[in-house]
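Fold and geometry: a report
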Amino acid sequence: MRKIPLALSAFCLFLAVGAANAHASVPSPLYPGTNVAKLAEQAPIHWVSVAQIENSLQGRPPMAVGFDIDDTVLFSSPGFWRGKELYSPQSEEYLHNPAFWEKMNNGWDEFSIPKEVARTLIAMHVKRGDAIYFVTGRSQTKTETVSKTLQDDFQIPAENMNPVIFAGDQPGQNTKTQWLQDKRIKMFYGDSDNDIRAAREVGARGIRVLRASNSTYRPLPQAGMYNEEVIANSEY
């Protein structure tokens, strides 16, 4: 008589295992779909347009304004991708390699793509007569062509353009915060959290530019986390 319960138990176990295997093998839906609530969802942050920024500056005299470079005015991931593959494929050590920075600062920006939001912003500030500074976290090199590349890419008149400031990350170098203070920069555009913090530390107006989602600089920052202004559609 014990054979019947044992047979039933084995049969139930077979069904359970079969069901589990069947469930595990079911692929994710090919067309998961969406809904209106998901499509309409927006982060509750302070979005602004370039036109609104320009309007907020009406009546104010020319001033010094600053821009970060990588992922703010240039999509420079091609150069950084090449540097990583060439000097340290398995790590970020290439960022501490002087040979990489010599390449990046002396020609590899020819492969960088100027961001459209930067074209609009810089043209607006040039029209106002503002002094344009570029303050980057890149390491300084003996020579550099970045200043000329930026001036050419964004058609900045000589009277508005200043040489690129390489803040770097070496001991004894001025930080971005110190440079913003030294140059009396009143507005600073950047994609990283450090850019916004640096601006606020010197009482400047820090405005966030979105980092493109395919940037090699990861993780992507949380734009708006400091309740700063974030420029809409500024990822390209």
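Residues numbered from 1 in each chain as written. Predicted model: local features only at pLDDT ≥ 70, side-chain atom pairs only at ≥ 80, totals over all residues. Heavy atoms only, no water.

The name given to the chain in an unreviewed UniProt entry is Class B acid phosphatase, with Pseudescherichia vulneris NBRC 102420 as the source organism. Quoted verbatim from the Subcellular location (unreviewed entry) heading of the UniProt record, the comment on the chain is "Periplasm". (UniProt positions renumbered as here; feature names shortened; annotations may be inferred.)

Along the chain, Arg218 connects to Pro219 via a cis peptide bond; the corresponding omega equals 0°. Tracing the sequence through the fold places Pro219 in the loop between strand E8 (205-208) and strand E9 (229-231). Despite not being glycine, Gln155 shows a phi value in the positive range, around 50°. Its place among the elements puts Gln155 in the loop between helix H7 (146-153) and strand E6 (165-166). Judged by its relative accessible area of 69%, Gln155 is exposed. In the Ramachandran plot, Arg184 falls in the positive-phi region, its phi being about 55° despite a non-glycine side chain. Position of Arg184 among the secondary structure elements: in the loop between helix H8 (176-182) and strand E7 (185-190). On the basis of relative accessibility, which here comes to 67%, the residue Arg184 falls in the exposed class. (Helix = DSSP H or I, 4+ residues; strand = E, 2+ residues; numbered from the N terminus. Buried < 20%, exposed > 50% of the residue type's maximum accessible area, 1.4 Å probe, protein only.)

Bringing the confidence of the model for the chain into the picture now. With 87% of its residues at a pLDDT of at least 70, the chain reaches an overall mean of 90. The low-confidence segment residues 1-17, where pLDDT is below 50, has zero contacts with residues more than four positions distant or belonging to other chains. (pLDDT = per-residue confidence, 0-100. Contact = heavy atoms within 4.5 Å.)

Let us now look at the pattern of salt bridges. For the structure shown, the criterion picks out 14 salt bridges. The closest approach of N and O atoms between Arg211 and Asp71, which form a salt bridge, is 3.9 Å. With Arg211 in the loop between E8 and E9 and Asp71 in the loop between strand E2 (64-67) and strand E3 (74-75), this pair connects stretches of sequence that are 140 residues apart. A relative accessible area of 8% means that Arg211 is categorised as buried. Since its relative accessible area comes to 4%, Asp71 is described here as buried. Among the ionic contacts, a cluster of salt bridges with common partners joins Asp68, Lys176 and Asp195. (Salt bridge = Lys/Arg side-chain N within 4 Å of Asp/Glu carboxyl O.)

Further remarks concern the environment of Ala64. Looking at the secondary structure, you find Ala64 in strand E2. Ala64 gets classed as buried once you look at its relative accessible area, which sits at 12%. Along the backbone, Ala64 and Met187 are 123 residues apart, and their C-alpha atoms lie at a distance of 7.2 Å.

Under the feature "binding site: Mg(2+)" (unreviewed entry), the UniProt entry names Asp68, Asp70 and Asp191. Taking the farthest pair of C-alpha atoms as the criterion, the annotated set spanning 124 residues converges on one region, since that pair is 8.3 Å apart. Those annotated residues from the list above that line the largest pocket are Asp68, Asp70 and Asp191. Mapped onto the secondary structure, Asp68 falls in the loop between E2 and E3. With sequence-adjacent residues up to four places away left out, Asp68 is seen in contact with Val73, Val135, Thr136, Lys176, Phe188, Tyr189, Gly190, Asp191 and Asp195. For Asp68, the side chain forms a polar contact with the side chain of Thr72, separated by 2.9 Å. Here Asp191 is to be found in the loop between E7 and helix H9 (193-201). Accessibility expressed as a relative area gives 2% for Asp191, which makes it buried. (1 Å grid on protein atoms, 1.4 Å probe; cavity = no way out; pocket = protein on both sides within 12 Å on 5 of 7 lines; lining within 4 Å. Polar contact = N/O pair within 3.5 Å; in protein donor to acceptor, adjacent residues only side chain to side chain.)

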